[in-house]
Structures are given as structure tokens and as C-alpha cells.
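Observations on chain architecture
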Amino acid sequence: MLIVAGSLYVDPAGRDAYLASCVEAVRAARSAPGCIDFAVSADLVEPGRINVYERWESEEQLLAFRGSGPSEEQATAILGAEVHRYLISGVEAP
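From a predicted model like this one, the values you see are computed outputs, not experimental measurements.

1. Brief notes about the sheet that holds strand S2 (residues 35-42)
- Spatial ordering of the open sheet is given by S2-S3-S1-S4, a layout of 4 strands whose pairing is antiparallel. The two strands at the open ends of the sheet, each matched to only one other strand, are S2 and strand S4 (80-87). The average angle at which neighbouring strand axes cross in this sheet is 5°, direction not considered.
- For strand S1 (residues 2-9) and strand S3 (residues 49-56), the ladder comprises 8 bridges, and the chain directions are antiparallel. Among the inter-strand pairings, Tyr9 is bridged to a residue of S3, identified as Arg49.
- Of the strands in this sheet, S2 and S3 are in contact with helix H2 (residues 23-31), which crosses S2 at around 165°.
- Contacts from helix H3 (residues 59-66) reach S1, S2, S3 and S4 within the one sheet, and its direction differs from that of S3 by about 125°.

2. With respect to the pattern of salt bridges
- The final tally for this structure, using the stated rule, is 5 salt bridges.
- Here Glu24 ties to Arg27 by a salt bridge, and the two come within 2.7 Å at their closest N and O atoms. Here the residue Glu24 and the residue Arg27 both occupy positions in helix H2, the gap between them amounting to 3 residues, near one helical turn. With respect to burial, Glu24 and Arg27 carry one shared label: exposed.
- Across the pair Arg85 and Glu59 runs a salt bridge, and its minimum N-O distance is 2.5 Å. Here Arg85 is found in strand S4, whereas its partner Glu59 is found in helix H3, with 26 residues between them in sequence.
- The structure contains a network of salt bridges with shared partners spanning Asp43, Glu46 and Arg49.

About the thresholds
Residues numbered from 1 in each chain as written. Predicted model: local features only at pLDDT ≥ 70, side-chain atom pairs only at ≥ 80, totals over all residues. Heavy atoms only, no water. Pairing = 2+ DSSP bridges. Helix = DSSP H or I, 4+ residues; strand = E, 2+ residues; numbered from the N terminus. Axes fitted to C-alpha atoms, helices over the stretch in contact; angles between N-to-C directions. Contact = heavy atoms within 4.5 Å. Salt bridge = Lys/Arg side-chain N within 4 Å of Asp/Glu carboxyl O. Buried < 20%, exposed > 50% of the residue type's maximum accessible area, 1.4 Å probe, protein only.

Dropping the structure here:
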């Protein structure tokens, strides 16, 4: 299992528009082979922060979905990012 998680930073005034531009990508990811979960959401404390969480069965399935990545407009809106890929060897109840 693979988890991609972290934060994107955009202009606070443009965060809602950025999130709206992600709706179709979230729908597509959730229906993609190997996607267990996919979420992009506004942070409750930092106005320019967007939280990213993805869970995939394998890296191959993630890469097959990812393709060319975000649109040029989305990439331009991202002022900073701190997103990491985590390889998971086991899952336990909390």
C-alpha cells in the first residue's frame, strides 16, 4: 500500500477556486483502479493551505492515474508544497 499525504499552499483568495478545479480529478481518482481513497480539502486553520491525502494499492496504479499531473493552471496556482509518498507494510486498527 502507498499513501501520498501533505499540504499544498496557494493564495488564500484563490483557495476555493483551486479546490473547485480539483473536483473532477478527485472523482476520477476515486474510480481509478487501485485507488483506495483520495481527498483534497481546505485546512481549517491556515487560509492558504490545502491538505492532500491519497491511498493506493500500488505505485504502478498511482502512476497510471497520475499521468501528466496537475493542469498548467493548477500548477501555477501552487505557491509551495510539502507532499510525501509513504510505503506501508502493514495496517492495524487504532
